[in-house]
Amino acid sequence: MKFGVVILPGSNCDYDAYQIIKTIMKEEVGFLWHQDKDLNGCDCVILPGGFSYGDYLRTGAIARFAPIMQEIFNFAEKGGLVIGICNGFQILLEAGLLPGAMLRNSSLRFVCKWVHIKVEQENTPFTNNCQRFQVLKIPVAHTDGNYFISEEGLKKLKENNQIVFHYCSPQGEIDPVYNPNGALENIAGICNLKRNVLGMMPHPERVGEKILGSEDGKHIFSSIVNFVKGKAN
Amino acid sequence: MSKEKKSYQATVYVRLKEGVLDPQGTTIKRALGDMGYNGVEEIRSGKFFEVSFLSANRKEALKLVNEISDKLLANPVIEDFKVEI
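Residues numbered from 1 in each chain as written. Chains lettered and ligands numbered in written order. Predicted model: local features only at pLDDT ≥ 70, side-chain atom pairs only at ≥ 80, totals over all residues. Heavy atoms only, no water.

(A) Layout of the overall build of chain B. Looking only at helices and strands, chain B has 2 helices and 3 strands in total. Starting at the N terminus and ending at the C terminus, chain B contains elements arranged as β-α-β-α-β. For a compact globule of 85 residues, the expected C-alpha radius of gyration is about 12 Å, and chain B comes in at 18 Å, more than 25% above that figure. Restricting the contact set of chain B to residue pairs at least 6 apart, pairs at least 24 apart contribute 72%. In the structure as shown, chain B presents an accessible area of about 6,100 Å², 52% of it carried by carbon and sulfur atoms. Looking at chain B, you have 14 positive and 13 negative side-chain charges, and the mean spots of the two groups are 6 Å apart. (Helix = DSSP H or I, 4+ residues; strand = E, 2+ residues; numbered from the N terminus. Rg over C-alpha atoms; globule rule 2.2 N^0.38 Å. Contact = heavy atoms within 4.5 Å. Areas by Shrake-Rupley, 256 points an atom, 1.4 Å probe, with all protein chains shown as cover. Lys, Arg positive; Asp, Glu negative; His and termini not counted. Charge placed at Lys NZ, Arg CZ, Asp CG, Glu CD.)

This is the structure:
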C-alpha cells in the first residue's frame, strides 16, 4: 500500500511520518506538495504536525485552502483514508472534515510531554490493531489542543461512537488530572461519521522504536496497513 | 450611474461565542486581580481586521466582507463576527 505525507509551509513532522512508514512499517510512502493537484495514487493521506502557515489567524485556518486540500476533500468523500496528526487534526477541523474546533490550551502554554490515551473504538481503519480500552503511550506537543464542540455536537459524537481516544492515566483512568490541554471531556482524537477520517493530537509517528521511549505509534500505522490490505474491516 | 468601483474600508470584529471558554481572557483577568483591579468581573478577548477593497456599491461591499469573514476570518464553530463599513 502507499502512504502520502502532505508538506505544507511550516509542516515539521513530515519526515517523522515518512521515516516510520518507510523504515519501521516498511511500506511505500511519498510526499505530497501543498500546491499539488494529485494524490499520486495514495491509499492513505497523512496531514502531519507542525505550524502550517505560521498558525496565523487560527491553527489550520489557512492550510485548509491549500490547493492539495481540494483533492483531499474528494478523496475523503470517496472513502479514502485521511489521518491528521496534531496540526493535521487542526486542519481537518477547520476544513470541516471533522466536527468541532481547537481552542488555546487552558494553560496558555505550549505543552510537550508524554501522555497516555485510551482506545475507545477499535473498529476504525486506524485502530483495528488495538484492543478496546488499550492504553497507548504517545507524546503530545502543541499550544492549541483544547478540543471544543457544542453540546449537541458532543451528543452526536457519542451516539455515533466517534470519540476514538481519551487522555487517561497509565492504567486507563479518565480524569481531568490526565488532561494536558483542557480538551472537552479529555478528548484526544475523533473520527468522522464514515470512520475514514481520523484526527488526533498525540504524535504516533514519533514513537515507532523502543529507543524513543515507546513503540505504541506502530499500532496506528499497522492498523491502516491491515485495513488497506483487507486484513481488517 | 457610474460603473466605476469605489474604495471601501471595512472593520471586522471577531470574538468567541458566548459560552465558549476563553483561556486568554481568563488569564488576563487573573493578572488584573494580581495588579489590584479586583472589580473586574470578566474579560473576553477577540481580534479585529481592517479590510480595504474596491466595490461597485455598499451592498456589494457588505456582501463580500460578510462572505470572507464567514469563510476565513472567523470560525463559525467557536466565533461570532461583526462587520462595520
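Next comes the rest of the write-up.
(B) Local environment of the pattern of salt bridges. Taken as a whole, this structure holds 11 salt bridges over all chains when the rule is applied. Its salt-bridge partner being B:Glu79, residue A:Arg58 comes within 3.6 Å of it at the nearest N-O pair. One end of the pair, A:Arg58, is in the loop between strand 3 (44–47) and helix 2 (67–77); the other, B:Glu79, is in strand 3 (residues 79–84), on a second chain. Residue B:Glu79 is classed as buried on the basis of its relative accessible area, which comes to 9%. Across the pair B:Lys82 and B:Glu84 runs a salt bridge whose closest N-O atoms are separated by 3.8 Å. Note on B:Lys82: relative accessible area 48%, which makes it partly exposed. Salt bridges here are not isolated pairs; linked through shared partners, they connect A:Arg58, A:Glu94 and B:Glu79. (Salt bridge = Lys/Arg side-chain N within 4 Å of Asp/Glu carboxyl O. Buried < 20%, exposed > 50% of the residue type's maximum accessible area, 1.4 Å probe, protein only.)

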